[in-house]
Amino acid sequence: MILDPAPSEPTPLRAALRKWYRADETAVVNDLLRVAELSPEMQDRVASRARRLVEAVRTNRVGGGGIDAFMHAYELSSREGVVLMCLAEALLRIPDAETANQLIKDKLREADFSQHLGESDSMFVNASTWALMLTGRILKLDEGGKDLSSILKRLVTRSGEPVIRQAVTQAMRILGRQFVMGRNIGEALERAEAAEARGYRHSYDMLGEAARTAGDAQRYFEAYDKAIAAIGKAAAGRGPVVGPGISIKLSALHPRYEFAQRRRVLDELVPRVLKLAQAAKKYGIGFTVDAEEADRLDLSLEVIEAVSGDASLTGWDGFGLAIQAYQKRCLPLVDWLADMATRHRRRLMVRLVKGAYWDSEIKASQERGLPNYPVFTRKASTDVSYLACAKRLLESPAAFFPQFATHNAQSLSAVIEMAGGPEAAREKLEFQRLHGMGEPLYEQVTPAEAMGIAARIYAPVGSHEDLLAYLVRRLLENGANTSFVNRIVDEKAPLDEIVADPVMKVRRLDQKPHPRIPLPAHIYGTERRNSAGIDFTDIDALRPLKQEVEAAAAREWRAQPIIGGRPLAGNGEPVLDPADLRRTVGTVLNAGPADVDAAIARAVRAFPGWAATPATERALCLERAADLMEAERGGIIALCIREAGKTLPDAIAELREAVDFCRYYAQRARADFSKPIPMPGPTGERNQLALHGRGVFACISPWNFPLAIFTGQIAAALAAGNTVITKPAEQTPLIASLAVALLHRAGIPGDVLHLLPGDGPSVGAPLVKDPRIAGIAFTGSTETARGINRVLAAKDGPIVPLIAETGGQNAMIVDSSALPEQVVRDTVVSAFQSAGQRCSALRVLFVQQDIAPKLTEMLTGAMAELKIGDPAELSTDVGPVIDKAAKDMLEAHAVRMKREGQLLYQAKLGAACAN
């Protein structure tokens, strides 16, 4: 269950890597400060050199400036910067004129580009600004330009949309060209010749993000293979250090490059990477594995170690990888790589970067409720980490040829100082920069008439369509107003601040983590604690989870009516595992009419006392229940898998949602029910609004969210001061029984909360009809909700509220401005996660005809990569549907669709799904 086979026990160095993954940021930063600190004399030389570099950049940028100046003028904190990023990200892939026109209108309508005119010394920036003003019809010129303004306005009106569209598209192509070296490797190699003559080297990156299909992976492999041959020919035997090289992404070479598919990745991806590495060795060029998201690092190291240790690569020192200083484990990663290089008797080319996925790393950790962040929350801490890792790399010349990728003058100057000065640095290292960025800085470093220290340009190669995701990443990384690229050309930014030593800056901080970026558990502030998730890429988190879940799955689970806090005795019926109908999960004893009457009577008697219980006490009970659910997660997850057929990620999500419901409604109880709300009124009168419970609530929940919706209904009713009788879905009584037991242990009195498992006619119908029921919360079919509504409408007495959530048809509409890879990813998740059994699952996909063929091919290819099977295995994407009735309904629908439409793809079931 969960991981089979699991990775072997880690070596001490690998264990250190895992320990630092989500370690306390303060402790990590303090360790790095000790490593990174330089002597006072070295600090003075670093600051002096950095100051000279920045002054030279500012002096020499007049009239030019290129993309650095452009990004400063249109920083991402401005509306215009966001507009440009949206346009650049989407416009070039739109095949039809109408959609392009609409996008341009939408994005340029509100942006005020005129405010940027004349602010920059760069001809490139000012020319771009004029074009954008013209296109957007934003012609608010100074008084002296009124005549010109009217001429331009008439020109735009006369030209019409086709001219405007072509102008903007061309502007976006020019912007793209600043980031892309060439449309193909031949064009890129030719364009690189001029820079090579000035001492620059190149590492070519074949643009394209993660493969979604086997076909994508094969295309990327072929592109890499052809590029290696072309680069090798151009290298002409110069070797991996002096000659050009290639950078590859592992995610481009396998459609399921993720930890959950670890066994498959090692079996299929390692041979592909090895084959490319062998080709690079044959041509004597450098071969760098690019860094990606933090949760892929462990898996990438397994791939890299397997390839590096292959005997066929013996004697070649062109193999390397990129490492990210913003990851807290970057320093122990350097130690691990040094050990690997020694064991494999090779010198690794290691590119040290700061990192390009910071925003998404922070957001993903918060969303998944993880214990900590894998990256630093302060930019200055990343700079400190960079210096510490640089020092460690330079201390191991036998293991590493270090490549320092930076656009930061202070980092660059510090690396030169650590190496022993410019002359020593020429022999020990190379710098790296992005194509189209950092040119003014490196003109002070690389040419022979400057320092003569080699710099390698990271040169993306590909069509404008492939540029998009890369471009957004570069803009996010370097377009923010805090980035060095932005500040170095900003005359208002003080020089002393720009060249300040990050070690001194961080050392002075009272609080090392950023105070405005709380840990994931605390993103709701004082309101409530976030639910705890599990990192499914962290083997140290998975091992204890595996033990807990397997122990819980071995228990004999039982569900029965719980009335007044006491489970009723009797023989039950077996509850079968929908993933394997030969397996019994537990037994259920269903309630009868007498049990319904008894539960209602006790709940009615208990209502006054519970309603009078202070809201703060009711809230504490719910918070204790949330804590108990997290503490006893093994049983909940095991039952979600075995009784409800949920995959591991879905089971964790189910648990977290239930926990969040308890904490959320506890907070609402304190806010809304603790004291009356004063209302305005005439002098001498006191008017107050006070909220109270209504009486006995019947909560009827579904099987597709057997814990989350079940708990949410109950928690809301209890928080408001109602007593509750709950009827769980017939298919999932065991989960319901466990949840009620935990709520009782948390302090909810037995007479306040009752459990009645059973079917609709025996339990649901009597509850709905009973005049003592004061409210109903229902989630299920629209047909059943209508039936409940009719019964309630026929009752005499007070109107009984019905809170109903029912089914529907969820659709996604996709036009040609959408990124196909993102559409496919979101479609597969929404349509097939939880076996499509969510009320929110995607049912219908509407696609613009212009992009339908490409999107259909990609979508069917992504479906082919899904693994259907036992939900207890982490590698399973789609588990079973809940029961035979659901299966029969789906099969009947499939037959109808084959008759009325065209079958595009049908996933295949393996032998493991036979039962």
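Only a predicted model underlies this, so the values are computations on that prediction, with no experimental measurement involved. (Residues numbered from 1 in each chain as written. Predicted model: local features only at pLDDT ≥ 70, side-chain atom pairs only at ≥ 80, totals over all residues. Heavy atoms only, no water.)

### Let's talk about the overall build of the protein chain
Basically, it comes down to this: In DSSP terms, a helix is any run of H or I states spanning at least four residues, a strand is any run of E spanning at least two, and both are numbered starting from the N terminus. Relative accessibility decides the category of a residue: with a 1.4 Å probe and only protein chains considered, values under 20% of the type maximum give buried, values over 50% give exposed, and everything between is partly exposed. Every residue pair with non-hydrogen atoms within 4.5 Å of one another is taken to be in contact. Computed with the Shrake-Rupley method and a 1.4 Å probe, the accessible areas treat only the protein chains shown as cover for residues.
A tally of regular secondary structure across the protein chain gives 35 helices and 22 strands. For the protein chain, the residues scored as buried account for 55% of the 915 residues in total. For the protein chain, the share of sequence-separated contacts (at least 6 apart) that also reach a separation of at least 24 residues comes to 79%. Roughly 39400 Å² of accessible area belongs to the protein chain as shown, and the carbon and sulfur atoms make up 53% of that amount.

### A few points about empty space enclosed by the protein
Keep this limit in mind: Grid spacing is 1 Å over the protein atoms alone, the probe is 1.4 Å, and a cavity is where that probe fits but cannot get out, while a pocket is an open set with protein on both sides within 12 Å along at least five of seven lines and lining residues have an atom within 4 Å of a point. Grid points are joined across faces, edges and corners, and a volume is the space filled by probe spheres set on the points. All amino acids are sorted into three groups, where Ala, Val, Leu, Ile, Met, Phe, Trp, Tyr, Cys and Pro are nonpolar, Asp, Glu, Lys and Arg are charged, and the leftover types, Gly among them, are polar.
Considering all chains together, one arrives at five cavities of 30 Å³ or more under this definition. Put simply, the largest cavity is a space of about 170 Å³. What lines the largest cavity is a set of 19 residues, among which Ala-291, Glu-292, Leu-297, Ser-300 and Ala-322 lie closest to the centre. Of all the elements in the fold, those that place two or more residues in the lining of the largest cavity are helix 13 (297–308), strand 4 (319–324) and helix 14 (330–344). Among the elements that make up the lining of the largest cavity, the one with the highest residue count is strand 4 (four residues). Of the residues contributing to the lining of the largest cavity, the split by class is eleven nonpolar, three polar and five charged.

### Topic: the confidence of the model for the protein chain
Stated formally: pLDDT is a per-residue confidence score from the predictor, ranging from 0 to 100.
With 84% of its residues at a pLDDT of 70 or more, the protein chain has an overall mean of 88. Segment residues 126–159: pLDDT under 50, and 46 contacts once partners within four positions in sequence are set aside and those in other chains are kept.

### Points about the sheet that holds strand 5 (residues 348–353)
As a reminder of what qualifies: Two strands form a pair only when DSSP identifies at least two bridges running between them. To define axes, lines are fitted to C-alpha atoms, for helices over the stretch in contact only, and angles between the resulting N-to-C directions are given on a 0 to 180 degree scale.
If you walk around this closed barrel you meet the eight strands as 1-2-3-4-5-6-7-8, and the pairing is parallel. Sheet twist, expressed as the mean angle between neighbouring strand axes with direction ignored, is 30°. Sheet topology note: the strand 3 (residues 286–289)/strand 4 ladder contains three bridges and is parallel. Looking across to strand 4, one finds that Phe-287 is bridged to Phe-319. Its contacts with the sheet put helix 14 on strand 4, strand 5 and strand 6 (400–405), and the angle it makes with strand 4 is roughly 165°.

### Quick look at the packing of helix 1 (residues 12–21) against helix 14
Basically, it comes down to this: Angle categories are assigned with fixed cut-offs, so that under 35 degrees is roughly parallel, over 145 is roughly antiparallel, 65 to 115 is roughly perpendicular, and the rest are oblique. In this scheme the handedness of a crossing depends on how the near helix is turned from the far one: anticlockwise by less than a right angle means left-handed, clockwise means right-handed.
Packing of helix 1 against helix 14 leaves a shortest axis separation of 9 Å and a crossing angle of 165°. Considering the angle they form, helix 1 stands roughly antiparallel to helix 14. For the crossing formed where helix 1 meets helix 14, the hand is left-handed. Across the interface between the two elements, Leu-13, Arg-14, Ala-16, Leu-17 and Trp-20 of helix 1 pack against Leu-331, Pro-332, Leu-333, Asp-335, Trp-336 and Asp-339 of helix 14.

### So, the sheet that holds strand 12 (residues 573–577)
Spatially, 9-13-12 is the arrangement adopted by the three strands of the open sheet, whose pairing is mixed. Looking at the sheet topology across the chains shown, the edges are occupied by strand 9 (557–559) and strand 12. If you compare each strand with its neighbour and ignore which way they point, the axes differ by 50° on average. Sheet analysis places strand 12 next to strand 13 (residues 580–588), joined by five bridges and oriented antiparallel. Paired with Glu-573 across the two strands is Val-588, which belongs to strand 13.

### With respect to the nonpolar core
Under the convention used in this document: By nonpolar core is meant a set of buried Ala, Val, Leu, Ile, Met, Phe, Trp, Tyr and Cys residues that side-chain atoms within 4.5 Å join together.
Judged by nonpolar contacts, the single largest core of 113 residues is most densely connected at Tyr-204, Phe-287, Leu-352, Phe-404 and Phe-431. Among the elements that line this core, the one with the most residues is helix 12 (residues 262–283), at ten residues. Those residues in contact with Phe-287 that lie beyond four places of it in its chain are Ile-228, Ile-246, Ile-248, Val-273, Leu-276, Ala-277, Ala-280, Trp-316, Gly-318, Phe-319 and Gly-320. Grouped together as the second largest cluster of nonpolar side chains are 65 residues, Ala-559, Val-575, Val-724 and Ala-777 included.

### Quick look at the packing of aromatic side chains
Heads up, the rule is: Stacked, tilted and edge-to-face pairs are distinguished by plane angle, under 30 degrees for stacked and over 60 for edge-to-face with tilted covering the rest, among Phe, Tyr and Trp rings (Trp via its six-membered ring) whose centres lie within 6.5 Å. Any Lys NZ or Arg CZ that is within 6 Å of a ring centre and within 35 degrees of that ring's normal is treated as a charge sitting over the ring.
Overall, the coordinates contain seven aromatic pairs when judged by the stated rule. Ring centres of Phe-287 and Trp-316 lie 6.5 Å apart, and the angle between their planes is 55°; this geometry places the pair in the tilted category. Of this pair, Phe-287 sits in strand 3 while Trp-316 is found in the loop between helix 13 and strand 4, placing the two residues 29 residues apart along the sequence. Here the two residues Phe-287 and Trp-316 agree in accessibility, since each one is buried. Geometrically, the ring pair formed by Trp-316 and Phe-319 is tilted, given 6.3 Å between the ring centres and 50° between the ring planes. An aromatic cluster is defined as three or more aromatic residues linked by ring pairs; in this entry it consists of Phe-287, Trp-316 and Phe-319. Arg-528 extends its terminal NZ or CZ atom over the ring of Tyr-524, reaching a point 4.0 Å from the ring centre.

### A few points about unusual backbone geometry
With a phi close to 60°, Ser-834 is a non-glycine residue in the positive phi region. Looking at the secondary structure, you find Ser-834 in the loop between helix 33 (820–832) and strand 22 (842–847). When its relative accessible area of 12% is taken as the criterion, Ser-834 is described as buried.

### Points about the pairing of strand 4
The line we're drawing: The handedness rule is simple: strands pointing away from the viewer, and a clockwise path from the first strand over the helix to the second, make the crossover right-handed.
Extensive coverage of strand 4 is indicated by the burial of six of its six residues. In strand 4, alternate side chains face the same way, and those of Phe-319, Leu-321 and Ile-323 on one face and Gly-320, Ala-322 and Gln-324 on the other are all buried. For the crossover from strand 3 across helix 13 to strand 4, the handedness is right-handed. Where strand 4 lies against strand 5, five bridges are found, and the strand directions are parallel. Within the sheet, the bridge partner assigned to Gln-324 lies in strand 5 and is Val-353. As for the winding sense of the linkage, the β-α-β connection from strand 4 through helix 14 to strand 5 is right-handed.

### Topic: the pattern of salt bridges
Inclusion rule: Salt bridge, as used here, is a side-chain nitrogen of Lys or Arg placed within 4 Å of a carboxyl oxygen of Asp or Glu.
Evaluated as defined, the whole model comprises 59 salt bridges. The partner of Asp-877 in a salt bridge is Arg-256, with the nearest N and O atoms 2.8 Å apart. Placement of Asp-877 in the loop between helix 34 (852–864) and helix 35 (884–900) and of Arg-256 in the loop between strand 2 (245–248) and helix 12 is noted, with a sequence separation of 621 residues between them. Look at Asp-877 and you get buried, because its relative accessible area is 19%. Overlapping salt bridges bring together Arg-22, Asp-295, Arg-368 and Asp-535 as one network.

### Describing helix 2 (residues 25–36)
Let me state the cut-off plainly: One less than the number of residues in a helix, times 1.5 Å, gives the span that helix is expected to have. The directions considered for the arc are those from the helix axis to the C-beta atoms. Throughout this description, a polar contact denotes any pair of N or O atoms lying within 3.5 Å of each other; where both atoms belong to protein, one of them has to be capable of donating a hydrogen while the other can accept it, and for residues adjacent in sequence the pair is counted only when both atoms sit in side chains.
Spanning twelve residues, helix 2 covers 16 Å between terminal C-alpha atoms, matching the ideal 16 Å at 1.5 Å per step. If you check which residues of helix 2 are buried, you get Glu-25, Val-28, Val-29, Leu-32, Leu-33, Val-35 and Ala-36. Across the axial projection of helix 2, the buried residues extend over an arc of 160°, all falling on one side. A side-chain oxygen of the first residue of helix 2 lies 3.3 Å from the backbone nitrogen of Thr-26; this N-cap is Asp-24.

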